[in-house]
Amino acid sequence: MIPSLTPRSLTLALLSAPLLTSAAPFESIFSIPGPPNPSAWFENLAVRPNGNILATRGDAPEIWQIDPATRTGSLLVSVSGAFNLTGISQVEIAAQQETYVFASAYIPAPFQVEPGSAKVWTLSFNGASPSVSLLKALPEAGFLNGLAGFDEGRVLIGDTLNEAVYLMDVETGTYTTPLVSMSGVNGVQVAPGYVYWANHNVQTLSRVSVDGDALPTGSAEVLATNQIDDFALDVRGDGTVRKAYVAAMYDNEVVEVVLATGAKTVVADNLSGSGSGLCTSAVFGRRAADRRVLYATVGQGGETVTAGIVAIDLS
Ligand SMILES: *[C@@H]1O[C@H](CO)[C@@H](O)[C@H](O)[C@H]1NC(C)=O
Ligand SMILES: *[C@@H]1O[C@H](CO)[C@@H](O)[C@H](O)[C@H]1NC(C)=O
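Residues numbered from 1 in each chain as written. Chains lettered and ligands numbered in written order. Predicted model: local features only at pLDDT ≥ 70, side-chain atom pairs only at ≥ 80, totals over all residues. Heavy atoms only, no water.

Draft legend 1. Structural context of the site of ligand 2. Near ligand 2, the surroundings consist of Asn 270, Gly 273 and Gly 275. A distance of 2.3 Å is found between an oxygen atom of ligand 2 and a side-chain nitrogen or oxygen belonging to Asn 270. In isolation ligand 2 has 360 Å² of accessible area, and contact with the protein removes 27% of it. (Near = heavy atom within 4 Å. Polar contact = N/O pair within 3.5 Å; in protein donor to acceptor, adjacent residues only side chain to side chain. Areas by Shrake-Rupley, 256 points an atom, 1.4 Å probe, with all protein chains shown as cover.)

Here it is as structure tokens:
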């Protein structure tokens, strides 16, 4: 999600060359029930070890759970004390419950983030029953956006407005700021030895090598241009990353990037089916049957549709 977009970056987007298109089959697997809600949008996704998808809502303080096998879903938790939810990621915690960290902000209207409203929360499962707790209010933060598990007990959280990435301890809420001068930081992802991020100001996807505390050990490399929101990394068994799948937010599509060359292909376009709408996040399935299926958010596609999840078959 983008809290504010400058006219310059809009111009860049409009002037960019058309991309190659290589359509992968995709279909809607879930929409929020009820009449069309043109304001609704899912912001970010995580997939549970059991294969269910957790989806944060940007227009409400809600996390929804969707089972892609049965294509059913429902409201999992309503977060009292939050307004708009942003990034979510699982975090490994030794010998403890299945735990996620997510962030919230107060975004009263598009592109308006209330200063001082940032909070970080945990969602834990005790069997099937979820519980939410406030981990830390961060009034000093700007807009907490992308979020990624870093190592046992710690997550990285991108702050778009303060142009920084924090490393937070999930037990205590204490944090360091290992990555600074991160202009436009939006999606943040981790692969062995590296932090990857999207910069929506200049629309680049970059990575930097990091040490065990996420401090940079080299210079940042730009891997691709003309990308903006969150993304999924295709991490191989040996930990290397060959491709990224980027949610191209306002383009209502998912773009595949070959990281070695920066070559891009639109794998799925017109995700909303209305010709417009947001796509803000993409994640791979975690069941044997859906490891090559990418789940992506759609929302704000006009008066006739509502927020939902599409499944893109990359097998
Ligand atoms: C943020 O959430 C509130 C409800 O908590 C909603 O009224 C508002 O429209 C949301 N903002 C956006 C940009 O969706
Ligand atoms: C988007 O998809 C819908 C449903 O397949 C189709 O009717 C519509 O023409 C498409 N719109 C654009 C702009 O491609």
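Back to the write-up after that little detour.
Draft legend 2. Looking closely at the pairing of strand 19 (residues 231-235). The buried fraction of strand 19 amounts to four of the five residues, a majority that puts the element mostly inside the structure. The antiparallel hairpin formed by strand 19 and strand 20 (residues 241-247) contains five residues in its connecting segment, where Gly 239 sits at a positive phi of about 90°. (Buried < 20%, exposed > 50% of the residue type's maximum accessible area, 1.4 Å probe, protein only. Helix = DSSP H or I, 4+ residues; strand = E, 2+ residues; numbered from the N terminus. Pairing = 2+ DSSP bridges.)

Draft legend 3. Inspection of the packing of aromatic side chains at higher detail. Scanning the model with the defined rule gives seven aromatic pairs in all. Seen from their ring centres, Tyr 245 and Phe 284 are 5.7 Å apart, and the 90° between their planes marks the pair as edge-to-face. Here the residue Tyr 245 occupies a position in strand 20, and Phe 284 occupies one in strand 23 (residues 282-284), the gap between them amounting to 39 residues. Comparing Tyr 245 with Phe 284, the two get one shared label, buried. For Arg 48, the ring lying beneath its charged end belongs to Phe 125, and the centroid distance is 3.5 Å. One Lys or Arg, Arg 207, reaches over the ring of Tyr 194 and ends 3.9 Å from the middle of that ring. (Phe/Tyr/Trp six-rings, centres within 6.5 Å; stacked < 30°, edge-to-face > 60°. Lys NZ or Arg CZ within 6 Å of the ring centre and 35° of its normal.)

Draft legend 4. Spatial organisation of the sheet that holds strand 3 (residues 42-47). Spatially, four strands are ordered 3-4-5-6 in an open sheet, and the strand pairing comes out antiparallel. Looking at the sheet topology across the chains shown, the edges are occupied by strand 3 and strand 6 (72-78). Neighbour-to-neighbour, the strand axes of the sheet open up by a mean angle of 25°, direction not taken into account. As paired elements, strand 3 and strand 4 (residues 53-57) share five bridges and run antiparallel to each other. Bridging across to strand 4, Asn 44 finds its partner in Thr 56. (Axes fitted to C-alpha atoms, helices over the stretch in contact; angles between N-to-C directions.)

Honestly, that's just the spatial picture; any functional story needs more than this.
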